[in-house]
Amino acid sequence: MKRYYSRREPNWTSWCRYRHHQVLPGIEQWLRDRGSLTARLKSASRCDFRVNVLRQEWACPLDSERRLLGMRRGGIAILREVELLCGGVPWVFARTLIPVRSLQGPARRLALLGERPLGEVLFADPSMRRGITQMARLLPRHALFAAATVHLQQVEEIWGRRTLFHLAGKPLLVNEIFLPDIPTSQS
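Figured I'd write up the structure that's included with this text. Residues take numbers from 1 onward in each chain, read along the sequence in its written order. Totals for whole chains, interfaces and linings use all residues, but because this is a predicted model, local features are given only for residues with pLDDT of at least 70 and pairs of side-chain atoms are given and counted only at 80 or more. Based on all heavy atoms of the structure, the side-chain values leave hydrogens and waters out of the count.

Glancing now at the environment of valine 53. On the secondary structure map, valine 53 appears in strand 1 (residues 49-59). Spatially, the C-alpha atoms of valine 53 and glutamate 81 are 6.3 Å apart, while their sequence positions differ by 28 residues. In what follows, a contact means two residues having at least one pair of non-hydrogen atoms within 4.5 Å. With near-sequence residues (within four places) excluded, valine 53 lies in contact with Arg80, Glu81, Val82, Gly114 and Glu115. A helix here means a DSSP run of H or I that spans at least four residues, while a strand means a run of E at least two residues long, and both kinds are numbered starting from the N terminus.

In structure tokens form, the structure reads like this:
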């Protein structure tokens, strides 16, 4: 598997900073949805949904991720990167960061998800609180673009969002990058 080494990041910002015409047609509905992405993908695909774990390891977050999580420079987190596949086709690349300090109490189980969707765990837990959500247009020069599109060809831009969640009061960050094969008609 090709690894990416760029640390460049897109310009993450709140939804209100984007204009409707800037976002790729049909992607806006995915970016703005506040429910469980897992549940929405299962409903939209009407076929086999599964999680393909690309990697899970201890790593240092990107600078903006570290700041959003309130981590010190050099701090480590569990980094989990997965593809969410519908009918065997990757629709979403997801990157989750869980700081060491968040892996206490009920959140410890997040380190052992395997191919279980994170969304099922988060949205089933009554202690889960959704924090800030930011959007970004990702281009080939960005680290997350490279990671999300490593198996794709001829992609010029993709869109993503990232949300800071709190589980039992502990932070974790979920990046969801929408890939070209995701349906763009209302689902």
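As a further point, take the pairing of strand 3 (residues 89-99). Whether a residue is buried, partly exposed or exposed follows from its accessible area with a 1.4 Å probe, protein chains only, as a fraction of its type maximum: under 20%, in between, or over 50%, in that order. Burial runs high along strand 3: ten of the eleven residues are buried. Strand pairing follows a simple DSSP-based rule, namely that at least 2 bridges must link the two strands. Across ten bridges, the pairing between strand 2 (residues 77-86) and strand 3 is antiparallel. Note on strand 3: the bridge partner recorded for isoleucine 78 is isoleucine 98. Between strand 2 and the antiparallel strand that follows it, strand 3, lie two residues; glycine 87 among them carries a positive phi value of about 60 degrees. Here six bridges tie strand 3 to strand 6 (residues 170-178), and the two strands are oriented antiparallel to one another.

Reading across the sheet, the six strands line up as 1-2-3-6-5-4 and stay open at both edges, with antiparallel pairing between neighbours. Every interior strand has two partners, whereas the edge strands, strand 1 and strand 4 (129-138), have only one. On average, each strand axis in the sheet is tilted by 20 degrees relative to the strand beside it, whichever way the strands run. Bridge analysis of strand 4 against strand 5 (residues 158-167) gives eight bridges, and the strand direction is antiparallel. In the strand pairing of strand 5, arginine 137 is matched with tryptophan 159. Orientation is described by axes fitted as lines to C-alpha atoms, over the contacting stretch for helices, and by angles from 0 to 180 degrees between their N-to-C directions. Relative to the sheet, helix 2 (residues 37-45) contacts strand 1, strand 2, strand 3, strand 5 and strand 6, its axis offset from that of strand 3 by approximately 170 degrees.

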